[in-house]
Every structure is written in structure tokens, then in C-alpha cells.
Amino acid sequence: MNAPRKFDMQWLLDAVFAPTSHDVFAILHDTPYGEHVDNAAWEERRAMAADWHAQISAIADRQGFSVLPLVSFPAVAGVNADLPATADMGGSEVAFSEILNQATVVLAMMEVSVTGPLIQYGRAKGSAAEFRVASMPMANRSMEDTCYLADPDELVAEGETIRSAVAKAEAIEVTFSTGDVCTFDIRHRTVEVDNGYLHPDKQGFPVINLPSGEVFVVPYEGERDGDPSRTHGVIPAAGENGDVARFVVEANRIIDVRGDGPRAVGLREDMALDSTRRNVAEIAFGYNRKARVTGVFIEDEKAGFHWGYGRSEFLGGTVAPKDFSSPETVLHVDLPYAKECPITVSADLIEASGARTAILRDGDYVL
């Protein structure tokens, strides 16, 4: 299905969701709360959510599916923290569980991502025909002209090429453009793909990001007795004005953050709030050809390599909200390293035999 040159909501619905008369859409957005201060992009996103709600409602009237009133709720404490008990739906306070029980398709246009809890809810429902989610943290209008226009057939085909290659490996060695190296242990894990396909017959994860286009896996976290994780090395993180912090990783745990600049200071403060945040929770290969590096993580990560720390159970790992010291310190944070980012990567897939396959060189795919 070729993508249009300009954004078209009808095309997006048909290509990504293939709605049927059984479907009930819910469009969600969050609102400023607590330490989350409003900003122009967030205000524009709330307007975008209302506009998408109106467009999808008009299409629903023609095609015969349903749309719930627009849903909003206060932003959660941290990225991928659990959902609140209630939300506003069309001006009425409603239990969140009731909203999700009514919905079969959810579009979540968040300032603070809730992908994790929505994945867990989708898993509990059991099938994409009953519940599927497009998580859209940091969505903005510019994406309508870039990454939302990725060809769905290309996303499926290229995703399978990358997924099948990564699935043969037991480790991934990543060399950063700073010269730092980290080896990620992916034994005992299933490699997954977010290929933008969210039809009712979707198998596996009933959740995608929108924009889509990444192959991801949780590194082995050492949960098996007598078999420690082999993830180890140094991972740089870019700050402003050339500032670089360095995560030091042993046995899949961040044991130190080195550096004297503001980036390192801020990351050390984040880690000090809850030691569970030190878990290396994800590595991923973004491959959306329409994605651009703009400083918005949800698009940046679809343009190349990224990794994440913190919560992992919603992606196939073992670290869950119960492992954190409080609900307020739960998070999962992704850091992108696409070709146009300040730091980029080369990466090799390493099989049990020791055989190596190059997958990235200086940010470009070489498979």
C-alpha cells in the first residue's frame, strides 16, 4: 500500500488499523500536572488530539465503527509509569478501566509516555481484535509530513529482515562514535518488531508506536540462577554544547555515570532516586525511512539505534513497577543514536559460534 505524498487520515486508518464495525476508538491525551509544566508543543498536541478525534469520528460515521468522547488525564509521574485510576471522558470523570474495557483501538497522544502500562493492558485482553494500541508520545504536526507517511509494506518487509538477523545473535556489540563500546547480552530473549501493522489479526504485541519502525529486544537481565548477564561496557550520552556523560555497565546494570558536566550530574540524580532505574532495559534498531532527527525522541529513535533503561517487563524483560521503590520513580527512558544525532554507532551481531554480522556502520544499515 503506497503512502500518499501528503497526510491523509483515511489512508492512515486503513493502512495501520483496518477498522471494522466491531471497533471502538479512544483518543487519549494528557494534561499538565505536578512537576510537568505546560509548553507550546504540549498545547499544540492537545489541539492535535482534538482534531484527530474529529477527523476519525467523521470517518467512523461513514464506515460504521465507533469513537468514544475525547479522553484526557493528568500526566503520569514519569515516563511509562502506571495509569491513573480515572480520566475525563467528554467532561465526565470515568474509571480508566471502564474506558479501556469499552475501547478496542486506543491512540495515546502523550507528553509523558504510557506505552508500558498500555502494553500490559493489551496483553491481558489477549488479542488485537479485542484491544490494540498506537502509542504516540510527543506527537506533533510535523510528523504528518514525515514519519507518519512511511510505506506500511516497506515497514513490514524491512522489519522482518532486521528481526531475523538479530534473532540469530546472542550478543550485540555497539561501538559509539566517541570510541566507547558496549556489548549487550540478548540470550534467553525474543526479538520483537514494531512494523506499523495494527490490524485486528495482528499476532504478538497488540501495541505499536506511531511513528513505527523498530526491531527491539530486552537484554538478558541475569534472572537465571548461576547465569549472570554478560551485558557490559560504556555507553555515552550527549548533553548540550558537547557535554558527554558515560554510563558504566556491568552485568546489565548501570554501576556509575561518569562526567563532570550537567548531563552527567542530571543522570546521576535520576539514578539516585531509585536503583531500579539502573537496569539496561532495551536495545533497538529504528528503520523508518521517513523519520527525521528533530530532537523529539519518538521520531529520533525510529531513525536509527537506541537503548533504554528502567522498566522492561512490558517489552519482554523482568523489571516491573513493583520492583521500584515507589510509583513516582517508575520509568523507562530511551536514548537515540541515529545518524544525525550528536553520537552515532556501528554495531555487530555476534552469534554463539563467534560469527559476526555487521548491521550498522556509522549509523547506516549494511545488512
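Quick note: structure is the one above.
This one's a predicted model, so the numbers in the text were calculated from it and none came from an experiment. (Residues numbered from 1 in each chain as written. Predicted model: local features only at pLDDT ≥ 70, side-chain atom pairs only at ≥ 80, totals over all residues. Heavy atoms only, no water.)

### Topic: the sheet that holds strand S9 (residues 181-185)
Here is step 1: Across the sheet, which stays open at both edges, the eight strands sit in the order S15-S14-S13-S9-S8-S19-S20-S21 with antiparallel pairing between neighbours. Whereas interior strands pair on both sides, the edge strands pair on one side only; in this sheet they are strand S15 (253-258) and strand S21 (364-365).
Here is step 2: With five bridges joining them, strand S14 (residues 244-250) and S15 adopt antiparallel strand pairing. Residue pairing across strands places glutamate 250 opposite arginine 253, the latter belonging to S15.
Here is step 3: Sheet strands touched by helix H6 (residues 262-273): strand S13 (232-238), S14 and S15. Its angle to S15, the strand with the most contacts, is close to 145°. (Pairing = 2+ DSSP bridges. Helix = DSSP H or I, 4+ residues; strand = E, 2+ residues; numbered from the N terminus. Contact = heavy atoms within 4.5 Å. Axes fitted to C-alpha atoms, helices over the stretch in contact; angles between N-to-C directions.)

### What to know about the layout of surface pockets
Here is step 1: Its boundaries defined by the atoms lining it, the largest pocket holds a volume of some 720 Å³.
Here is step 2: For the largest pocket, the lining is made up of 39 residues, of which Val79, Asn80, His332, Val333 and Asp334 are closest to its centre.
Here is step 3: Among the elements of the structure, helix H4 (115-125), strand S10 (192-194), strand S11 (207-209), strand S12 (214-217), H6, helix H7 (297-300), strand S17 (305-310) and strand S18 (332-336) are those that each provide at least two residues to the lining of the largest pocket.
Here is step 4: Residue composition of the lining of the largest pocket, by class: 21 nonpolar, nine polar and nine charged. (1 Å grid on protein atoms, 1.4 Å probe; cavity = no way out; pocket = protein on both sides within 12 Å on 5 of 7 lines; lining within 4 Å. Points joined across faces, edges and corners; volume = space filled by probe spheres on them. Nonpolar A, V, L, I, M, F, W, Y, C, P; charged D, E, K, R; others polar.)

### Section: the sheet that holds S18
Here is step 1: Taken in spatial order, the five strands of this open sheet run S10-S12-S16-S17-S18, and their pairing is antiparallel. The two strands at the open ends of the sheet, each matched to only one other strand, are S10 and S18. Taking each pair of neighbouring strands and ignoring which way they run, the sheet shows an average axis angle of 25°.
Here is step 2: In this structure, S17 lies alongside S18, joined through five bridges in antiparallel fashion. Bridge pairing in S18 links tryptophan 307 to leucine 335.
Here is step 3: Here helix H5 (residues 152-167) sits on the sheet in contact with S10, S12 and strand S16 (280-286), set at roughly 25° to S12.

### Observations concerning the nonpolar core
Here is step 1: Of all hydrophobic cores here, the largest spans 41 residues; its most connected members are Val166, Phe247, Phe305, Trp307 and Tyr337.
Here is step 2: The element best represented in this core is H5, accounting for four residues.
Here is step 3: Tyrosine 337 has contacts with Phe176, Ile235, Pro236, Ala237, Phe305, His306, Trp307, Ile343, Thr344 and Val345, leaving out every residue within four places of it along the chain. (Core = buried A, V, L, I, M, F, W, Y, C linked by side-chain atoms within 4.5 Å. Buried < 20%, exposed > 50% of the residue type's maximum accessible area, 1.4 Å probe, protein only.)

### Looking at H6
Here is step 1: In this model H6 runs 17 Å from its N-terminal to its C-terminal C-alpha over twelve residues, within 8% of the 16 Å that 1.5 Å per residue would give.
Here is step 2: Considered for burial, the residues of H6 that qualify are Ala264, Leu267 and Met271. Down the axis of H6, the buried side of the element spans an arc of 65°, and every buried residue falls inside it. When the buried face of H6 is taken as reference, the exposed residues oriented beyond 90 degrees from it are Pro262, Glu269, Ala272 and Leu273. (Expected span 1.5 Å × (residues − 1). Arc of directions from axis to C-beta.)

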